[in-house]
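Commentary on secondary and tertiary structure
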Amino acid sequence: RRLNFFIVPTHITPIPKTNLLSLTVPLPENKRESFKNAAGQHIYLQVPPESREGTKLIADMCFNPFTIASVAEDGKSMQLVLRMLHGPTSEMLKRLSKLPKADPPLQIDGPYGSAAHFPDLASFDRILLVAGGVGATFCLPIYCQIRADVKKFGGSTNKVQFVWSMRAASEAGWATSTPELETVDIKSLTEGGIQLCITGLENPVQPTNGSIDLLDLTHQQNGVTVAKPGSRRPDFKKIVDEVFSQGKHERVAVLVCGPRGMGRATRRAVSPWVAKGRDIWWHDEAFGW
């Protein structure tokens, strides 16, 4: 791996009202081809000595995996979306994000991941993707790629369903085209066939400018589902049953990326259909400990 890494100045942007960071990573010319079709793959990130404050030897052993959220159309850069927790890499990146107009050098190694060996997902009769929070960095690029492949061959994109659960609408900020990341164009996501489930909002207020403020969301608006107070996740059984009920002879692919509890809940919902003999391809890209 040490023969494969590259160090580049990286632009770090905090996503307002979340504990997420968006990283724009320039791609060296000799690396662009390998990242061209990297949907669902990941890189390892390390903060090199020149970007650290003081001597932190533990950083020499920290190679954190992060999924590639997107690659620019011209192939010159990629986007990473990171949730800041309490580890040494998170602490260093949070500090670096506060530097005025600084693009600190970061070490990148990759891409890696089993997604490069997935079957032709567009060939399945129906595809369900389920993501929790930043798990969408795995599911969203795959979702966009499947839809593009289906359209290329004249198929219906309605066979592809993406359910994205998050604590607040702000967590979708990185996936929208809003440059300032201050508002979330929920409509652009839901019109693209993505079903959003917001699990952590109360007392929402309707905005007046047509967009949805990160803290304001009504219970049914632009196709968004807001979970009942205290609910932690969508009704996976209902979601899965609706997908499998479309046709009893359909081949179905199910991909999940989120906390381990989300993967277990989706697996339980899919299991009865496995017992019925349905042709199912399953992939769980779990994260957490």
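Residues numbered from 1 in each chain as written. Predicted model: local features only at pLDDT ≥ 70, side-chain atom pairs only at ≥ 80, totals over all residues. Heavy atoms only, no water.

1. Some remarks on the sheet that holds strand 5 (residues 64-71)
Taken in spatial order, the seven strands of this open sheet run 1-7-4-5-6-3-2, and their pairing is antiparallel. Of all the strands in the sheet, the pair left with one neighbour each is strand 1 (6-9) and strand 2 (11-15). Along the sheet, successive strands turn relative to each other by an average axial angle of 40°, direction set aside. Bridge analysis of strand 4 (residues 42-46) against strand 7 (residues 105-112) gives four bridges, and the strand direction is antiparallel. Looking across to strand 7, one finds that Y44 is bridged to D109. (Pairing = 2+ DSSP bridges. Helix = DSSP H or I, 4+ residues; strand = E, 2+ residues; numbered from the N terminus. Axes fitted to C-alpha atoms, helices over the stretch in contact; angles between N-to-C directions.)

2. Brief notes about the pairing of strand 4
Along strand 4, four of the five residues are buried, which leaves the element largely enclosed by surrounding structure. Both strand 4 and strand 5 contribute to a ladder of four bridges, which runs antiparallel. Considered in strand 5, the bridge of L45 is made with N64. (Buried < 20%, exposed > 50% of the residue type's maximum accessible area, 1.4 Å probe, protein only.)

3. Some thoughts on helix 5 (residues 236-244)
Every buried residue of helix 5 is listed here: F236, I239, V240, D241, V243 and F244. The inward-facing, buried residues of helix 5 abut strand 8 (126-132), strand 9 (160-166), strand 15 (252-257), helix 6 (260-275) and strand 16 (280-284). (Contact = heavy atoms within 4.5 Å.)

4. Concerning the pairing of strand 3 (residues 20-26)
Among the seven residues in strand 3, five count as buried, and that is most of the element. Linking strand 2 to strand 3, which pair antiparallel, is a turn of four residues; within it K17 sits at a positive phi near 65°. Judged from the seven bridges that link them, strand 3 and strand 6 (residues 77-83) form a sheet pairing that is antiparallel. Paired with L21 across the two strands is L82, which belongs to strand 6.

5. Overview of the nonpolar core
Among the nonpolar cores identified, the biggest contains 35 residues, and L129, I142, F162, W164, W174 and L255 are the most heavily contacted of them. Secondary structure elements with two or more residues in this core: strand 8, helix 3 (136-152), strand 9, strand 11 (194-198) and strand 15. Sort the elements by how many residues they give to this core and helix 3 lands first, with eight residues. Those residues in contact with L129 that lie beyond four places of it in its chain are C139, I142, Y143, V160, Q161, F162, V163 and L255. (Core = buried A, V, L, I, M, F, W, Y, C linked by side-chain atoms within 4.5 Å.)

6. Regarding helix 6
Here helix 6 spans 22 Å end to end across 16 residues, near enough to the 22 Å set by a 1.5 Å rise per residue. A bend of about 30° at A269 is the largest found in helix 6, and the proline P272 appears one to four places after it. Buried within helix 6 we find G261, M262, G263, A265, T266, A269, V270 and W273. Summarising the contacts, the buried residues of helix 6 are in contact with strand 8, strand 9, helix 5, strand 15 and strand 16. Of the residues trailing helix 6, G277 is marked for its positive phi of about 90°. (Expected span 1.5 Å × (residues − 1). Bend = angle between axes of the 7 residues up to and from the residue.)

7. Here we look at unusual backbone geometry
The amide bond that connects G110 to the next residue, P111, takes the cis arrangement and shows omega of 5°. By secondary structure assignment, the location of P111 is in strand 7. Backbone geometry places K17, a non-glycine residue, at a positive phi of 65°. Tracing the sequence through the fold places K17 in the loop between strand 2 and strand 3. On the accessibility criterion, K17 (46% relative accessible area) is partly exposed.

8. A word on the confidence of the model for the protein chain
Of the residues in the protein chain, 80% reach a pLDDT of 70 or more, and the chain-wide mean stands at 80. Residue range residues 178-184 is modelled with pLDDT below 50. Its contacts to residues more than four positions away, or to other chains, number 22 contacts. Note that residues 202-223 has pLDDT below 50 and, in this model, 42 contacts with residues that lie over four places away or in other chains. (pLDDT = per-residue confidence, 0-100.)

9. Here we look at the packing of helix 5 against helix 6
Contact geometry of helix 5 with helix 6 gives a least axis separation of 9 Å together with a crossing angle of 40°. The orientation of helix 5 with respect to helix 6, classified from their angle, is oblique. The handedness of the crossing between helix 5 and helix 6 comes out as right-handed. Judged by residue contacts, F236, K237, V240, D241 and F244 of helix 5 engage M262, A265, T266, A269, V270 and W273 from helix 6. Its residues assigned to classes, the contact of helix 5 with helix 6 comprises eight nonpolar, one polar and two charged. (Parallel < 35°, antiparallel > 145°, perpendicular 65-115°, else oblique. Left-handed = near helix turned anticlockwise from the far one by under 90°. Nonpolar A, V, L, I, M, F, W, Y, C, P; charged D, E, K, R; others polar.)

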